[in-house]
Amino acid sequence: MVEQQFKARGIANDGVLQSMESVPREEILPKPLREFAYQDSALPIAHDQTISQPYTVAFMCEAVLLTGAEKVLEVGTGSGYAACVLARLAEQVFSIERIPELAAVARRRIAVLDYGNVKVVCGDGTLGLPDEAPFDATVVTAAAPKLPSAYAQQIVDGGQVVIPIGDAQNLQRMCRFIHHGDDFLREDLGGFVFVPLIGDDGW
Ligand code: SAH
């Protein structure tokens, strides 16, 4: 997986490659899908949601430029897979999921895998997580129509938000926003497909 799915497509960060190698994706998937764990694709989980393609998780983790000391907000816990990968790259991960059943299953799996620095919260992630702010970085794994204003308010100066933006149905652009003073520098990192970010400041 590391050679073919990541290195060959330009993922170069050693920490990201090691983290991807060490998180057992098969143990995060529903049992009938475990044999497909290392396939190069997104896979269905409950409630019409998906566990992201491994490459997409690696791409976002590399894009967010972590050093290991950060407090990170992930929006869209889903299976909990990306939260586990982030757990190895940051000091603390808060992951928010709007569907209570998904949050509960992910919380259990993350506990079994012993990622003690991940906290799963159930709620509307388009509002961020004001009680735990500010964050050094925010990673959003569902597609938004625009950058929700809470993410801009809840990020430290110099912090980054990596988020797919675009139509709910069509291709989205992966964007990295870097906070500088009163401004956000926006970079376009390419096309991806995600499920929609549904909530007060999303779809
Ligand atoms: N990071 C996940 C991929 C999740 S797919 C993984 O590694 O498996 C996107 C998830 O975002 C879905 O579970 C969906 O329910 C959730 N989601 C959509 N809108 C949301 C919102 N406003 N707040 C929190 N979660 C949301």
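This is a predicted model, so every value here is computed, not measured.

Undergrad: Whenever I open this one, the pattern of salt bridges confuses me. Can you help?
TA: Close approach of charged atoms lets side chains of opposite charge pair. Under the definition given, this model contains 5 salt bridges. Aspartate 188 is paired through a salt bridge with arginine 173; the nearest N and O atoms lie 3.0 Å apart. With a gap of 15 residues between them, aspartate 188 in strand S9 (residues 183-192) and arginine 173 in strand S8 (residues 172-180) connect regions that are remote in the sequence.

Undergrad: Before we go on, may I ask you to explain the sheet that holds strand S6 (residues 135-140) in this structure?
TA: Sheet strands pair by backbone hydrogen bonding; their relative direction is either parallel or antiparallel. In space, the 7 strands of this open sheet follow the order S5-S4-S3-S6-S7-S8-S9, with mixed pairing throughout. The open sheet has two edge strands with one neighbour each: strand S5 (118-122) and S9. Strand-to-strand twist of the sheet, defined as the mean angle between neighbouring strand axes without regard to direction, takes the value 15°. In terms of strand pairing, strand S4 (residues 92-97) meets S5 through 5 bridges, oriented parallel. Across the sheet, phenylalanine 94 pairs through a bridge with lysine 119, a residue of S5. In the packing of helix H3 (residues 54-63) onto the sheet, contacts are made with S6, strand S7 (155-166), S8 and S9, and the angle to S9 comes to roughly 160°. This element, helix H5 (residues 100-112), spans S4 and S5 of the sheet and lies at about 165° to S5.

Undergrad: When you look at the site of the ligand in this model, what are you seeing that I'm missing?
TA: Taken together, 26 residues sit near the ligand, with Gly76, Ser79, Glu97, Gly125 and Ile198 positioned nearest. In this structure, alanine 82 approaches the ligand through a main-chain N or O atom, which is 3.0 Å from an oxygen atom. Coverage of the ligand by the protein amounts to 100% of the 580 Å² it exposes when considered alone. Among the detected pockets, the ligand sits in the largest pocket. Going through the elements one at a time, strand S2 (50-51), helix H4 (81-87) and S4 are the ones with two or more residues in the shell around the ligand. Of the residues contributing to the shell around the ligand, the split by class is 11 nonpolar, 11 polar and 4 charged.

Undergrad: I tried to follow the environment of leucine 73 on my own but got confused; where do I start?
TA: Of note, leucine 73 is situated in strand S3 (residues 71-75). Under the relative-accessibility criterion, leucine 73 is labelled buried at 1%. C-alpha separation for the pair leucine 73 and aspartate 136, spaced 63 residues apart in sequence, amounts to 8.2 Å. The contact partners of leucine 73, leaving out residues within four places of it in the chain, are Phe94, Ile96, Gly128, Leu129, Phe135, Ala137, Thr138 and Val139.

Undergrad: Is there a simple way to explain the packing of aromatic side chains in this structure?
TA: Aromatic ring pairs are described here by two measures, namely the spacing of the ring centres and the angle between the planes. Applying the stated criterion across every chain, the model contains 5 aromatic pairs. On the basis of an interplanar angle of 55° and a centroid distance of 6.0 Å, the ring pair of tyrosine 55 and phenylalanine 59 is categorised as tilted. Here tyrosine 55 pairs with phenylalanine 59, and both are found in helix H3, just 4 residues apart, close to one helical turn. The class for tyrosine 55 is buried, based on a relative accessible area of 15%. Centroid distance phenylalanine 192 to phenylalanine 194: 6.4 Å. Interplanar angle 45°. Geometry classified as tilted. The same class applies to phenylalanine 192 and to phenylalanine 194, which are both buried. A network of ring pairs unites the aromatic residues Tyr55, Phe59, Phe192 and Phe194 as a single cluster. For the cation-ring pair, arginine 9 lies above tyrosine 55, with the distance from its terminal atom to the ring centre recorded as 4.9 Å.

Undergrad: Help me out: how do you make sense of empty space enclosed by the protein in this one?
TA: A probe matching the size of a water molecule, rolled over the atoms, marks out where space remains unfilled. Evaluation of the coordinates by the stated rule reveals 1 cavity of 30 Å³ or more. Roughly 30 Å³ of internal volume is contained in the largest cavity. Residue assignment for the lining of the largest cavity shows that the elements contributing at least two residues are H3 and H4. The class makeup of the residues in the lining of the largest cavity is 6 nonpolar, 2 polar and no charged.

The rules behind the values
- Along each chain, numbering runs from 1 in the same order as the chain's sequence is written.
- Per-residue local features of the predicted model are confined to residues with pLDDT of at least 70, and side-chain atom pairs are confined, for both listing and counting, to 80 or more; whole-chain, interface and lining totals are unaffected and use all residues.
- With hydrogens and water excluded, all non-hydrogen atoms of the structure serve as input to the side-chain values.
- Criterion for a salt bridge: a side-chain nitrogen of Lys or Arg within 4 Å of a carboxyl oxygen of Asp or Glu.
- Under the DSSP-based scheme used, a helix requires at least four consecutive residues in state H or I and a strand at least two consecutive residues in state E, with every element numbered from the N terminus.
- Here, a strand pair is defined by DSSP locating no fewer than two bridges between the strands.
- Lines are fitted to the C-alpha atoms to define the axes, a helix being fitted only along its stretch in contact, and any angle between axes, read from their N-to-C directions, falls within 0 to 180 degrees.
- Only heavy atoms matter for contacts: two residues are in contact if any of them lie within 4.5 Å across the pair.
- We call a residue near a molecule or strand whenever a single non-hydrogen atom of that residue lies within 4 Å of it.
- Definition of a polar contact: a pair of N or O atoms within 3.5 Å, with one able to donate and the other able to accept a hydrogen when the atoms are protein atoms, and with sequence-neighbouring residues admitted only if both atoms are side-chain atoms.
- Surface accessibility follows the Shrake-Rupley procedure with a 1.4 Å probe radius. Residue values consider only the protein chains on display as shielding.
- Points on a 1 Å grid over protein atoms alone make up a cavity when a 1.4 Å probe fits among them but cannot get out, and a pocket when they form an open set with protein on both sides within 12 Å along at least five of seven lines; lining residues each have an atom within 4 Å of a point.
- Think of it this way: if more than half of a molecule's atoms are within 2 Å of a pocket's grid points, that molecule is in the pocket or cavity.
- Ten residues, namely Ala, Val, Leu, Ile, Met, Phe, Trp, Tyr, Cys and Pro, are considered nonpolar, four, namely Asp, Glu, Lys and Arg, are considered charged, and the remaining ones, Gly among them, are considered polar.
- Relative accessibility under 20% of the residue-type maximum defines a buried residue, over 50% an exposed one, and the middle range a partly exposed one, all with a 1.4 Å probe and only protein chains included.
- Within 6.5 Å between ring centres, the rings of Phe, Tyr and Trp (the latter by its six-membered ring) count as paired, and their orientation is classed by plane angle as stacked under 30 degrees, edge-to-face over 60, tilted in between.
- Charges are assigned to positions over rings by a cutoff of 6 Å between ring centre and Lys NZ or Arg CZ, combined with an angular limit of 35 degrees from the ring normal.
- Grid points are joined across faces, edges and corners, and a volume is the space filled by probe spheres set on the points.

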